[in-house]
Amino acid sequence: MILTVTLNPALDVTYRLAVVRRHAGNRVRNVRQQAGGKGVNVARVLGALGEAAVVTGLAGGPSGQALRADLAAAGLRDELVEVAGETRRTVAVADDQDATVFLEPGPQVTTAEWRSFLTHYQRLLRGASAVVLSGSLPPGLPTDAYRALIDLARSHGVPAVLDAEGQALLSALPARPAVVKPNATELAAATGTEDPVRGVERLRAAGAAAVVASFGPDGLLAATPEGAWRASPPEPLPGNPTGAGGSAVAALALGLAAAAPWPERLRQAVALSAATVLAPQAGHYDADAYQRLLDLVLVERPDHPRPAQPEGEP
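Residues numbered from 1 in each chain as written. Predicted model: local features only at pLDDT ≥ 70, side-chain atom pairs only at ≥ 80, totals over all residues. Heavy atoms only, no water.

J.: Explain helix H7 (residues 196-205) to me, please; I cannot follow it from the model alone.
T.: Since the α-helix turns once every 3.6 residues, residues separated by three or four places project in the same direction. For H7, the full list of buried residues reads Val197, Gly199, Val200, Glu201 and Leu203. Contacts made by the buried residues of H7 are with strand S10 (179-180), helix H6 (184-191), strand S11 (211-214), strand S12 (220-224) and strand S13 (227-232). Here H7 starts with a cap whose side-chain oxygen sits 3.0 Å from the backbone nitrogen of Val197, and that cap is Asp195. Gly207, located one to two residues past H7, shows a positive phi value of around 140°. (Buried < 20%, exposed > 50% of the residue type's maximum accessible area, 1.4 Å probe, protein only. Helix = DSSP H or I, 4+ residues; strand = E, 2+ residues; numbered from the N terminus. Contact = heavy atoms within 4.5 Å. Polar contact = N/O pair within 3.5 Å; in protein donor to acceptor, adjacent residues only side chain to side chain.)

Shown next, in the form of structure tokens:
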């Protein structure tokens, strides 16, 4: 079982239309609503791949109830902890070329609610082969919340995949997560460099055992204990990129739990994230495209890989 943690889940609303016209009325042709948040999307993809996944985190209010109802409808195991505040909503406006997402901040979480979650989390760790920690922190949680969760996972012998940004990411690195997966913007912001190779090295030097950075249609750059790799899709795929990063995280978590070779993990991550772009909503992917792309993803060593060397905290 892979445990997915979404401390700030969301009720995702997706508007689809042919073309978005700025500063004008837009007639929506399709509206969908589902449980969301990065970790929830990871669990949804894992379930579609046939892997047992558990969803935990914090949820409350009418939006939280709607979120939990959708988890039940999707057959996902709900281990969310109830809070008094209202679960946030996100709105994605997607046309045939791209998507724009609006993100609410989330509920205020009390110290007592956080302590209750930590107790529940430790019980869930007992049956986990890996844990995925994804997304933003709701108001009220300490900035080192992910560090605490990674430390607890290690005490139970469970490796952690971290998909976070900003201070939540930086504060967690001393706990040595097994894999960190920033995107290009998050990597540059966290490390202070636009050089992606140097950026992933800096995150490794700061504590991450492995770093896999995603660059949209340009694929992934990985720095691992076994060396560095680039993994690229065979072709650009137009569609909705929302959720593609979560699909890459799902593949990385599966590879971590199975101790698969790094090239295999990266090939699956790129193929799965590319197939997700073709799906209408986050947490879903085009199964036929995934199988087709698996054999076409290029995984190679960078031209001039440089080993990670301590450079201090990024």
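Next comes the rest of the description.
J.: Looking at this structure, how should I read the side chain of Asn8?
T.: Among the structural elements, Asn8 can be located in the loop between strand S1 (2-6) and strand S2 (10-16). Since its relative accessible area comes to 2%, Asn8 is described here as buried. Only 3.0 Å separates the side chain of Asn8 from the backbone oxygen of Pro105, close enough to count as a polar contact. Excluding its chain neighbours within four sequence positions, the residues that come into contact with Asn8 are Arg88, Pro105, Gly106, Pro107, Ser136, Leu137 and Pro138.

J.: Any chance you could explain unusual backbone geometry here in plain terms?
T.: Glycine aside, a negative phi is what most residues show, and trans is what most peptide bonds show. Phi is positive for Arg176, close to 60°, though the residue is something other than glycine. Considering the arrangement of structural elements, one finds Arg176 in the loop between helix H5 (166-172) and S10.

J.: So what exactly am I meant to see when it comes to the sheet that holds strand S6 (residues 88-94) here?
T.: Working definition: the strands of a sheet are paired by backbone hydrogen bonds and lie parallel or antiparallel to each other. Spatial strand order, S3-S2-S6-S7: four strands in an open sheet with mixed pairing. Lying at the two open borders of the sheet, with one neighbouring strand each, are strand S3 (30-36) and strand S7 (99-103). Strand after strand, the sheet turns through a mean of 20° between neighbouring axes, direction not considered. Here seven bridges tie S2 to S6, and the two strands are oriented parallel to one another. For Tyr15, the partnering residue across the bridge sits in S6 and is Val93. Packed onto the sheet, helix H1 (residues 38-48) meets S2 and S3 and runs at close to 95° relative to S3. The strands touched by helix H2 (residues 61-74) within the sheet are S2, S3 and S6, with S3 carrying the most contacts at an inclination of about 90°. (Pairing = 2+ DSSP bridges. Axes fitted to C-alpha atoms, helices over the stretch in contact; angles between N-to-C directions.)

J.: Hey, could you run me through the pairing of S2 in this one?
T.: The side chains of a regular strand alternate between the sheet's two faces. Of all the seven residues making up S2, six are buried; the element is thus mostly covered by neighbouring parts of the structure. In this sheet, S3 lies alongside S2 in antiparallel orientation, the contact comprising seven bridges. Pairing of Thr14 across the sheet is with Arg32, part of S3.

J.: Looking at this model, I keep getting lost on the packing of helix H3 (residues 111-125) against helix H4 (residues 145-155). Mind explaining?
T.: Between two packed helices, what matters for the description is the angle formed by their axes and the separation of those axes. At their nearest, the axes of H3 and H4 sit 10 Å apart, and the two run at 30° to each other. It follows from the interaxial angle that H3 and H4 lie roughly parallel. Viewed along their axes, H3 and H4 form a crossing whose handedness is right-handed. Note on element contacts: H4 touches H3 through Ala145, Leu149, Leu152 and Ala153, opposite Trp114, Phe117, Leu118, Tyr121, Gln122 and Leu125. The residue inventory of the contact of H3 with H4, partitioned by class, reads nine nonpolar, one polar and no charged. (Parallel < 35°, antiparallel > 145°, perpendicular 65-115°, else oblique. Left-handed = near helix turned anticlockwise from the far one by under 90°. Nonpolar A, V, L, I, M, F, W, Y, C, P; charged D, E, K, R; others polar.)

J.: Looking at this model, I keep getting lost on the nonpolar core. Mind explaining?
T.: Side chains of a nonpolar character, in soluble globular proteins, are inclined to be buried together. Counting 47 residues, the largest nonpolar core has Leu71, Val212, Trp262 and Leu266 as its most contacted members. A total of eight residues in this core trace back to one element, the largest contributor, which is helix H9 (residues 262-277). Dropping the residues within four chain positions of it, Trp262 is found in contact with Val179, Ala210, Val212, Thr224, Glu226, Trp229 and Leu252. Core analysis: the second largest hydrophobic core is formed by 45 residues, Leu118, Ala145, Ala153 and Ala175 among them. (Core = buried A, V, L, I, M, F, W, Y, C linked by side-chain atoms within 4.5 Å.)

J.: Is there a simple way to explain the packing of H1 against helix H8 (residues 244-258) in this structure?
T.: Remark: H1 packs on H8, axes separated minimally by 8 Å, with the N-to-C direction vectors making an angle of 60°. Judged on the interaxial angle alone, H8 and H1 are oblique. Of the two elements, H1 crosses H8, and the hand of that crossing is right-handed. Facing Val42, Val45 and Leu46 of H1, the residues of H8 in contact are Gly246, Ser247, Val249, Ala250 and Leu254. Classifying every residue of the contact of H1 with H8 gives six nonpolar, two polar and no charged.

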